[in-house]
Amino acid sequence: MSRSLPRRWSLDHNPLSGLTLSRWWKLLRENRFDIDLAYAHRAMFVTCMSVFNSLCHTVERLRFAGALRQVEVRADPIFILGHWRSGTTHLHNLLTLDDRLTSPTTYQVVNPFSFMSTQRVLPAVLKPLLPNRRPMDNMAMGFDLPQEDELALSLLSGLSPYLALSFPRRASHYERYLSFADATAEEAAAWKAAFVEFVRKLSLGEGRRLIFKSPPHTARIRLLLELFPEARFVHVHRDPYTVFQSSKHYLETAGWQANLQAQDPATFDDAILHRYDVLHEAYLQQRDLIAPGRLHELSYASLDEDPLGSMRKLYAALDLDPFEHVELRMQEYLQSIAGYRRNEHPKLDEDQRRRIASAWGRYFDAFGYATGFESTSLADPLREGC
């Protein structure tokens, strides 16, 4: 079986490589040291990195502990919400062109314990371990590019659905941390403390408003408002059939980067259907908690067809600083990626489309998409096939 595992020898972009030794040991104990022999070399790599990270973390605490305690966390960050493969990265890249805003970088989220002490030197050393392009969609990658904060939170707190990619045999345990609906009060408090710790580091000496982009935040609006009561939110959605195809493509082409246990591709469809349901059910239940004027929803199609017009509307809807300040920079960026070609996925057959429409019927309706089936022909639009 090990011979058929995709790129099993690769150490590229391992999301656990930023752990400290104590956090890595805790994660191993929680999973009963259950690592497949095919991935033992990855565990050894993470162990070596964790020793180095612990040393750097100790230095960082000694250098910055006092200053970090004095940091005032702004209550008004911008959160980009949306399911994976819905256009959140494109929107993130556009917003971070505004020099009045800032976002955590790839290096900061994969080294949350030590980036303040190491980000001037280590990115050049570790560059060979980071692909130039994302394997699932060929978008640019780099240590200095904006990245989703969930990667940092998974390392700092150990409470993230992303850990299910490393330990798929305990996926149900880590899926609890997508919405935190079934997590304990202690776990929610620990996650919030980790987030505040990370934000303090990002905010030291930085007066600009922060942008955070992580799909899991779509299901955590209540928790986010407890931390950031004046936050702004933008939710981007996309045709559910396309999201399903693209999500499966991700698991088949990039999910292996995190594996410490072999995944079974036969489980991918059910996992995608279930996670989409949990994410959007929580979003629809919690979006009314956001104060008027602080949530803007848009489709990926509108962003793709008229990006400047869509961004202008977003700035107006969320009462951000004048759009004209960044309009030219966005226009130049859009021209630079004009040759980008999206993935072409195999067509879904009718049985697959019917299953997706049955599982996600409510969300097709909520975001204005057609299933292509009469609603009366679909049994239980929320739960069938999940």
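Starting afresh in each chain, residues are numbered from 1 along the sequence in its written order. Two thresholds apply to this predicted model, a pLDDT of at least 70 for residue-level local features and 80 or more for giving and counting side-chain atom pairs, whereas whole-chain, interface and lining totals are computed over all residues. In computing side-chain values, all of the structure's heavy atoms are included and hydrogens and water are not.

### Thoughts on the side chain of glutamate 148
In step 1: Here glutamate 148 lies in the loop between helix 6 (122-126) and helix 7 (150-157).
In step 2: Whether two residues are in contact is decided by their heavy atoms: any pair within 4.5 Å suffices. If near-sequence neighbours (up to four positions away) are discounted, glutamate 148 is found in contact with Val109, Tyr162, Lys213, Ser214 and Pro215. Numbering of helices and strands starts at the N terminus; helices are DSSP runs of H or I of at least 4 residues and strands are runs of E of at least 2.

### Quick notes on the confidence of the model for the protein
In step 1: As a per-residue measure, pLDDT reflects the predictor's confidence and takes values from 0 up to 100. For the protein, per-residue confidence averages 90 on the pLDDT scale, and 89% of positions sit at 70 or higher.
In step 2: A low-confidence stretch, residues 379-386 (pLDDT under 50), is modelled with 26 contacts involving residues beyond four sequence positions or located in other chains.

### Looking at the nonpolar core
In step 1: Joining through side-chain atoms within 4.5 Å is the link that ties buried Ala, Val, Leu, Ile, Met, Phe, Trp, Tyr and Cys residues into a set, and such a set is a nonpolar core. Each residue is placed in one exposure class: buried if its accessible area under a 1.4 Å probe, protein chains only, is under 20% of its type's maximum, exposed if it is over 50%, and partly exposed if it falls in between. Grouped together as the largest cluster of nonpolar side chains are 83 residues, with contacts concentrated most on Leu16, Trp24, Phe79, Phe195 and Trp360.
In step 2: Ranked by the residues each element gives to this core, the list is headed by helix 13 (residues 268-286), at eight residues.
In step 3: Sequence-distant contacts of leucine 16, that is, excluding residues within four places in its chain, are made with Trp24, Leu27, Val46, Leu155, Leu163, Ser166 and Leu260.
In step 4: Judged by nonpolar contacts, the second largest core, of 24 residues, contains Leu91, Val236, Leu308 and Tyr315.

### Brief notes about unusual backbone geometry
In step 1: In this model, phenylalanine 33 sits at a positive phi of 55°, which is unusual for a non-glycine residue.
In step 2: Here phenylalanine 33 is to be found in the loop between helix 1 (21-30) and helix 2 (40-69).
In step 3: Of note, the phi angle at aspartate 319 is positive, near 55°, even though the residue is not glycine.
In step 4: Residue position: aspartate 319 is located in the loop between helix 15 (307-317) and helix 16 (324-336).
In step 5: Aspartate 319 sits in the exposed class, given a relative accessible area of 62%.

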